[in-house]
Amino acid sequence: MLRLPTSTDPSCLKEMLLVCKLSRSSPNRAQIGAMDMAAKRRRLIPSSLRWLLTVPISSRDCRLFFPLRLPATLQISLLSVHYNIHQTMASARVAKIAKYKTTIKDPGTPGTLTMTLEKILFVPRNPKSAGKLDVEFRYIKGQKHTKEGSNKPPWLNLTNNQNGSFIFEFENYSDLQDCRDFVGKVLAKSGEVSEKPTAAYPDEQLNAAEMELRIKLLQDDSELQKLHKQFVLSDVLTEAEFWATRKKLLDREASKKIKQRLGFKSAMVSDIKPSTDGRTNKVTFNLTPEIILQIFAEKPAVHRAFLSYVPNKMSERNFWTKYFRAEYLHSTKNSIAAAAEAAEDEELAVFLKHDDILASEARRKIRRVDPTLDMEADEGDDYTHLPDHGIFRDGNKEMTELQNELYKRTLSQDINRHAAVVLEGRAVDAEFEDTKAVAEALAHSKRESSNKGESDGNSPERLDRLSRMTEIEDLQGSNNLPLAPLCIKDPRDYFDSQQANALRTSGDALSGTEQIKCSLSIPEVYGSLRESISSIKTMGWKEPIVKPEVAHQVFDALTNSISNTKHNIGKNPQESVLDRLPRKTKEELLHIWTSILELLKHFWASYPITTSYLYAKVNRLKDAMSNIYPQLEEIKGSVPSEFRHQVSLLVRPMHQALDAAIQHYEASMQKRSTQSGEKPNGYV
Amino acid sequence: MASAPSKLYADDVNLVVVLLDTNPFFWSSSSLSFSQSLSHVLAFFNAILTLNQLNQVVVIATGYNSCDYIFDSASDLNRCFENGRMPVMSSSLLQKLEEFLIKDEQLSKEEAEGRIKSSLFSGSLSMALCYIQRVFRSGALHPHPRILCLQGSPDGPEQYVAIMNAIFSAQRSEVPIDSCYIGAQNSAFLQQASYITGGVHHKPQNLDGLFQYLMTIFATDLHSRSFIHLPKPVGVDFRASCFCHKNTIDMGYICSVCLSIFCKHHKKCSTCGYEFKEVISSTIFGGCVGQKRGAKCVIAGWGFCISHHEFLC
């Protein structure tokens with residue numbers, strides 16, 4: 001189970017992102033435990049947040065947690081935004097008047113419910129009644145509550161580990177809300193403390209992204225995973241050490257996290273279905289920053305209105321109310337009513353009118369068109385705001401509808417604008433927590449792109465763009481892969497072969513027996529060679545070139561040796577013994593070899609030992625290395641007898657490597673013990 | 001550069017570039033006389049040429065001071081040297097060989113005593129590779145070339161760098177290097193060359209039957225090697241020469257940037273200019289021994305062992 005560390009410090013206003021990605025085939029499941037305060041029931045949260053507008057935002061402490069169990073077949077990126085608007089939770093104690101019910105049917109004992117960070121205390125008003133309750137938060141597992149809009153009274157149900165429940169009935173829903181928030185906070189906090197994140201090493205600042213990279217690497221490479229399991233989980237090596245030598249792998253993984261940006265959804269924004277409440281005649285829209293971003297991207301006039309009106313002229317809530325009112329009016333296709341309302345409310349009119357920013361943008365694009373054949377935009381693009389897309393029906397325009405025309409908007413206009421925005425792609429990339437940030441980021445990016453576009457006709461960028469666009473890729477030659485130039489600092493030294501001979505001493509590895517004992521002088525040797533040639537020329541070849549019995553002998557010997565070695569070693573020189581072993585043995589041998597390499601890498605890197613940490617590490621590594629010997633013996637024993645010789649040949653270098661390391665260890669231990677009497681305290 | 005794909009028009013066409021050792025110092029002290037070996041070798045060339053009408057043999061002489069192209073069976077100049085006693089091609093080859101030896105002798109100069117009398121194997125190997133590159137670029141149809149080295153001289157450690165470069169470029173062009181070593185000791189360079197490029201290496205036991213060895217092992221064309229078993233050496237000698245003194249070494253230091261081999265610790269790598277920041281004491285770090293006499297190597301600036309290990313790497 002993977003628990004990612006979260007911070008639930010209520011006094012922090014920062015936003016925190018937890019990103020958890022699971023690969024398709026992963027058997028691991030992630031459980032980010034806590035509660036969803038705002039969701040009505042536990043379910044899988046899609047990749048957006050739920051944001052309720054039914055209650056004024058400023059008094060809510062929107063903290064969202066999800067209890068969820070992810071199916072392993074889904075690849076979900078989850079965003080959990082820890083978001084504090086108001087610091088209501090600075091208090092560590094909540095006291096409310098409530099009634100305590102043991103079951104639902106129970107009328108309940110009235111009293112006071114006090115909750116602190118440690119425990120829940122309920123004191124009945126009537127000291128004589130038996131409903132006193134004193135429960136520590138440790139035992140509380142979860143909570144449920146009744147919905148505000150329903151006709152049920154405000155109840156809060158706290159469940160404990162033994163599946164019992166404590167039901168409290170409050171006087172009103174806001175009390176319930178406060179208690180709920182508090183309980184949620186405490187539960188989250190306690191949920192954290194009780195578990196130890198697997199990566200909590202004192203010397204490592206791991207953030208979630210790093211953790212996720214490591215997990216991905218481990219999942220992708222089973223060899224690495226085996227090594228990891230073998231060493232890190234058995235405490236031979238620490239996480240930090242294990243990953244310290246694999247920085248390059250991690251970096252490569254990090255850069256592989258594709259910077260591909262998710263585009264907008266194809267579903268249209270106007271398809272947001274609000275949730276309706278028949279009883280109170282209220283319609284609730286759920287707006288997430290994602291949706292808001294899309295609205296602003298598609299309707300720049302709305303964006304501009306937001307930037308100018310909020311929070312000066314109206315609150316955000318009002319803004320959206322008006323916006324949705326305008327949408328409603330559009331959907332009824334009642335342009336007369338729209339005109340009427342627009343006349344009354346100038347802000348509403350903004351939403352109802354045609355988007356003049358779009359119009360001006362289209363016109364600007366036309367001006368910017370390259371002389372090179374670029375059909376990106378032409379006069380026909382300036383149609384989105386025209387009724388009927390500029391196509392005249394029946395050959396004429398109705399004059400009577402002129403004043404209402406501004407307020408008409410057709411579905412095809414919406415669809416086309418939406419499609420254009422989707423195809424453009426996202427202009428802003430990051431995640432947002434509130435509308436203001438969305439609006440500002442979008443405005444910023446628009447400004448930037450407009451700056452780029454406003455350059456004059458003959459600017460270098462424009463010319464550069466022209467030259468790039470006139471290039472036809474198909475007709476270019478292929479780019480050869482760039483090769484690093486060979487850089488030899490001192491070529492003479494590198495290539496020169498003659499200087500070595502001057503330094504040659506007589507007592508080197510190639511002993512005198514290998515040297516050609518040549519007492520003849522140069523002309524003599526050449527002369528003898530030339531003599532042989534002339535003798536052959538005059539006499540012709542010796543008949544026979546090779547004696548039959550010699551040939552027969554040679555042939556026999558060769559055949560024998562070929563058949564023997566084929567049996568022992570294999571057909572071609574490149575074939576390795578490993579391939580002929582049974583597969584399990586081969587895998588075990590290879591795995592042992594990689595683990596030996598890993599251990600040796602860390603072992604030799606720890607010398608010379610200067611700190612006690614290295615000392616302990618070396619000891620651990622030495623123990624792990626000693627454990628490998630019996631494993632090798634076991635493999636040697638398990639192999640069928642015809643392979644035993646080869647396996648022992650393969651195993652021999654492993655033994656030698658381990659022996660060398662252990663020898664070195666023992667020598668250094670001895671040296672240390674003899675010196676320990678003399679050394680000052682600085683040496684461990 | 002990538003090798004041009006060879007367009008075999010028949011599976012078993014050979015193009016053999018033979019590097020013939022003509023080191024006089026070796027031949028004067030060899031058990032097999034030069035004339036005898038020449039008769040074996042010339043008969044072998046003829047045999048190759050009779051195996052297939054399209055076969056081609058090119059001979060490069062590896063001399064003591066120089067190397068040169070001696071013979072090309074596809075050339076038309078072979079007709080000039082008529083000699084009743086032997087096939088025309090052989091006599092032209094012998095003529096050219098003689099001329100080459102004269103030139104080689106003229107290039108010789110006085111040297112210090114004690115030098116290993118090795119032939120210029122690196123030079124002839126490079127010339128062979130250049131010829132093969134020309135064949136690749138001739139477009140049209142050509143058989144897949146291979147190189148056959150008939151060497152007897154001992155290895156010259158000072159040629160290590162050049163020979164290894166040539167071997168790697170042969171590997172890259174997918175040209176197998178076969179080697180037949182007729183000298184007294186073992187040649188590490190030839191073993192490595194054949195191993196790396198996928199050729200076959202053999203050291204004949206009985207030099208009187210050299211022709212039989214050549215016909216059985218080295219006449220096999222590349223296509224047939226997939227189903228004809230050839231002798232496989234038990235192990236490969238991977239000894240290297242150090243870059244600073246050109247001595248043959250078993251254990252040494254390696255620059256972690258360019259993998260140049262040095263026999264003792266240097267502050268700065270002479271090939272790539274990298275400066276080693278840490279000073280590691282001269283203990284050997286780790287050891288993984290190759291099959292026969294492998295190279296234990298140490299990276300200066302790190303403490304890690306790499307090895308040439310033919311089975312497990």
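Residues numbered from 1 in each chain as written. Chains lettered and ligands numbered in written order. Predicted model: local features only at pLDDT ≥ 70, side-chain atom pairs only at ≥ 80, totals over all residues. Heavy atoms only, no water.

As recorded by an unreviewed UniProt entry, chain B carries the name General transcription and DNA repair factor IIH subunit TFB4 and is attributed to Hibiscus sabdariffa. For chain B, the Subcellular location (unreviewed entry) comment in UniProt is given as "Nucleus". Recorded in UniProt under Sequence similarities (unreviewed entry), the annotation for chain B is "Belongs to the TFB4 family." (UniProt positions renumbered as here; feature names shortened; annotations may be inferred.)

Labelled according to an unreviewed UniProt entry, chain A appears under the name BSD domain-containing protein, originating from Hibiscus sabdariffa. UniProt annotates chain A under Sequence similarities (unreviewed entry) with the comment "Belongs to the TFB1 family."

Chemist: Give me the lowdown on the overall build of chain A, citing residues and values where you can.
Modeler: The number of helices and strands found in chain A is 23 helices and 11 strands. By residue count, 39% of the 684 residues in chain A fall in the buried class. Counting only contacts in chain A whose residues sit at least 6 apart along the sequence, the fraction spanning at least 24 positions is 62%. Accessible surface computed for chain A: about 40700 Å², of which carbon and sulfur atoms make up 54%. (Helix = DSSP H or I, 4+ residues; strand = E, 2+ residues; numbered from the N terminus. Buried < 20%, exposed > 50% of the residue type's maximum accessible area, 1.4 Å probe, protein only. Contact = heavy atoms within 4.5 Å. Areas by Shrake-Rupley, 256 points an atom, 1.4 Å probe, with all protein chains shown as cover.)

Chemist: So what about the overall build of chain B? Which residues, and what values?
Modeler: The helix and strand inventory of chain B stands at seven helices and 12 strands. Sequence separation of at least 24 residues holds for 63% of the intrachain contacts in chain B that already meet a minimum separation of 6. Taken as a whole, chain B presents about 12200 Å² of accessible surface, with 55% of it coming from carbon and sulfur.

Chemist: Quick one: what's the story with the nonpolar core, residue by residue and with numbers?
Modeler: Residue and element names in this part refer to chain B. Grouped together as the largest cluster of nonpolar side chains are 55 residues, with contacts concentrated most on Phe-44, Phe-45 and Val-59. Residues contacting Val-59, with those up to four places away along its chain left out, are Val-18, Leu-20, Phe-45, Asp-68, Tyr-69, Ile-70, Phe-71 and Leu-93. With 48 residues, the next largest nonpolar core counts Phe-121, Cys-149, Val-161 and Ala-240 among its residues. (Core = buried A, V, L, I, M, F, W, Y, C linked by side-chain atoms within 4.5 Å.)

Chemist: How would you explain the pairing of strand S5 (residues 177-181) of chain B if you had to name every residue and give the values?
Modeler: Residue and element names in this part refer to chain B. With respect to burial, S5 is a largely interior element, five of its five residues being buried. Sheet topology note: the strand S4 (residues 145-151)/S5 ladder contains five bridges and is parallel. Note on S5: the bridge partner recorded for Cys-149 is Ser-179. The handedness of the S4 to S5 crossover, carried by helix H5 (residues 160-172), is right-handed. Strand direction decides the pairing type here: S5 and strand S6 (residues 201-202), joined by two bridges, are parallel. Considered in S6, the bridge of Ser-179 is made with His-201. Taking the sense of rotation as the criterion, the β-α-β connection linking S5, helix H6 (residues 188-197) and S6 turns out right-handed. (Pairing = 2+ DSSP bridges. Right-handed = clockwise from strand over helix to strand, strands pointing away.)

Chemist: Could you give an account of the packing of helix H2 (residues 34-51) of chain B against helix H7 (residues 210-218) of chain B, with specific residues and numbers?
Modeler: All names here are of chain B. Viewed as axis vectors pointing N to C, H2 and H7 meet at an angle of 30 degrees, and their least axial separation amounts to 9 Å. The angle between the axes of H2 and H7 places the two elements in the roughly parallel class. Helix-helix and strand crossings are classified by hand; for H2 and H7 the assignment is right-handed. Residue-level inspection shows Ser-37, His-40, Val-41, Ala-43, Phe-44 and Ala-47 of H2 in contact with H7, the latter providing Leu-210, Phe-211, Leu-214, Met-215 and Phe-218. (Axes fitted to C-alpha atoms, helices over the stretch in contact; angles between N-to-C directions. Parallel < 35°, antiparallel > 145°, perpendicular 65-115°, else oblique. Left-handed = near helix turned anticlockwise from the far one by under 90°.)

Chemist: Outline the confidence of the model for chain B, supporting the account with residue identities and numerical values.
Modeler: Residue and element names in this part refer to chain B. Across chain B, the average pLDDT comes to 79, with 81% of residues at 70 or higher. Throughout residues 1-6 the model reports pLDDT below 50, and contacts reaching past four residues in sequence, or to other chains, amount to nine contacts. Per-residue pLDDT stays below 50 along residues 279-313; that stretch engages in 88 contacts with residues further than four places along the chain or on separate chains. Scored as a whole, the predicted complex attains pTM 0.50, and scored at its interfaces, ipTM 0.78. (pLDDT = per-residue confidence, 0-100.)

Chemist: Go over the sheet that holds strand S7 (residues 140-145) of chain A with me, naming the residues and quoting the values.
Modeler: Residue and element names in this part refer to chain A. Taken in spatial order, the seven strands line up as S6-S5-S4-S3-S9-S8-S7 in an open sheet, and their pairing is antiparallel. The sheet is open, and its two edges are formed by strand S6 (133-136) and S7, each paired on a single side. Shown here is a sheet whose adjacent strand axes are inclined to one another by a mean of 30 degrees, direction ignored.

Chemist: Hey, could you go over helix H13 (residues 411-424) of chain A for me, with residue numbers and the actual values?
Modeler: All names here are of chain A. Taking 1.5 Å as the rise per residue, H13 with 14 residues should run 20 Å; its terminal C-alpha atoms sit 20 Å apart, in good agreement. Buried residues along H13 sit against helix H6 (289-298), helix H7 (300-309) and helix H11 (356-367). At the exit of H13 stands Gly-425, carrying a positive phi of roughly 95 degrees. (Expected span 1.5 Å × (residues − 1).)

Chemist: Describe the packing of aromatic side chains, naming the residues involved and giving the relevant values.
Modeler: Under the defined criterion, the tally for this structure stands at 17 aromatic pairs over all chains. Joined through ring pairs, the aromatic side chains of Phe296(A), Phe306(A), Phe319(A), Trp320(A), Tyr323(A) and Phe324(A) make up one cluster. Against the face of Phe25(B) rests Lys117(B), its NZ or CZ located 5.4 Å from the ring centre. (Phe/Tyr/Trp six-rings, centres within 6.5 Å; stacked < 30°, edge-to-face > 60°. Lys NZ or Arg CZ within 6 Å of the ring centre and 35° of its normal.)

Chemist: So what's going on with the sheet that holds S5(B)? Residues and values would help.
Modeler: All names here are of chain B. The six strands are arranged S3-S2-S1-S4-S5-S6 in an open sheet whose pairing can be described as mixed. Each edge of the open sheet carries a strand with a single partner, namely strand S3 (67-72) and S6. Bridge count for strand S2 (residues 56-62) against S3 is five bridges, and the pairing is antiparallel. Among the inter-strand pairings, Thr-62 is bridged to a residue of S3, identified as Cys-67. Sitting on the sheet, H7 touches S4, S5 and S6, and the angle it makes with S5 is about 160 degrees.

Chemist: Requested: an account of the side chain of Asp21(B), with residues and values cited.
Modeler: Residue and element names in this part refer to chain B. Within the secondary structure layout, Asp-21 lies in strand S1 (residues 15-21). Classification of Asp-21 as buried rests on a relative accessible area of 0%. Separated by 2.9 Å, the side chain of Asp-21 and the backbone nitrogen of Gly-152 make a polar contact. Polar side-chain contacts of Asp-21 include one of 2.5 Å to the side chain of Ser-153. With residues near it in sequence (within four places) discarded, Asp-21 still touches Phe-26, Trp-27, Phe-34, Thr-62, Ser-119, Leu-150, Gln-151, Gly-152 and Ser-153. (Polar contact = N/O pair within 3.5 Å; in protein donor to acceptor, adjacent residues only side chain to side chain.)

Chemist: Any details on unusual backbone geometry? Residues and values, ideally.
Modeler: Residue and element names in this part refer to chain B. Positive phi, normally seen in glycine, also occurs at Glu-174, with a value near 60 degrees. Mapped onto the elements, Glu-174 comes out in the loop between H5 and S5. Note on Glu-174: relative accessible area 54%, which makes it exposed.

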